[in-house]
Amino acid sequence: MFKLVLAWGISFAIGNHISQYLMTSAEAPEFVNGLFLAFGNLSITIGTSVGGLFISGMGTQ
């Protein structure tokens, strides 16, 4: 599990740097930055919901 989380974190960090580079070279950086923040918040919401459903499905108190 540790290796999976480590690989996931490294791939997220690499993707984050690539997307920040692409955002700075875009023609409308304010719009792209807004999309980046909106989808970041959306991914946190979805991840929390899926994690909550997983934990409640397992019957963990």
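The shown structure was predicted, so the numbers you read here are calculated from the model rather than taken from an experiment.

Looking only at helices and strands, the protein features two helices and zero strands. Its C-alpha atoms give the protein a radius of gyration of 16 Å, clearly above 10 Å, the size a compact globule of 61 residues would have. Overall, the C-alpha framework of the protein stretches about 50 × 25 × 10 Å when taken along its three principal axes. With 61 residues in all, the protein has 2% of them scored as buried. Accessible surface computed for the protein: about 5,400 Å², of which carbon and sulfur atoms make up 75%.

What follows is about the layout of surface pockets. Empty space within the largest pocket amounts to approximately 300 Å³. If you go around the largest pocket, the residues you meet are W8, F12, G15, N16, S19, F36, L37, G40, N41, S43 and I44. Elements with a minimum of two residues in the lining of the largest pocket: helix 1 (2–24) and helix 2 (29–58). If you tally residues by element for the lining of the largest pocket, the top one is helix 2, at six residues. Across the lining of the largest pocket, the residue classes tally to five nonpolar, six polar and no charged.

Cut-offs and rules
- Residues numbered from 1 in each chain as written.
- Predicted model: local features only at pLDDT ≥ 70, side-chain atom pairs only at ≥ 80, totals over all residues.
- Heavy atoms only, no water.
- Helix = DSSP H or I, 4+ residues; strand = E, 2+ residues; numbered from the N terminus.
- Rg over C-alpha atoms; globule rule 2.2 N^0.38 Å.
- Buried < 20%, exposed > 50% of the residue type's maximum accessible area, 1.4 Å probe, protein only.
- Areas by Shrake-Rupley, 256 points an atom, 1.4 Å probe, with all protein chains shown as cover.
- 1 Å grid on protein atoms, 1.4 Å probe; cavity = no way out; pocket = protein on both sides within 12 Å on 5 of 7 lines; lining within 4 Å.
- Points joined across faces, edges and corners; volume = space filled by probe spheres on them.
- Nonpolar A, V, L, I, M, F, W, Y, C, P; charged D, E, K, R; others polar.

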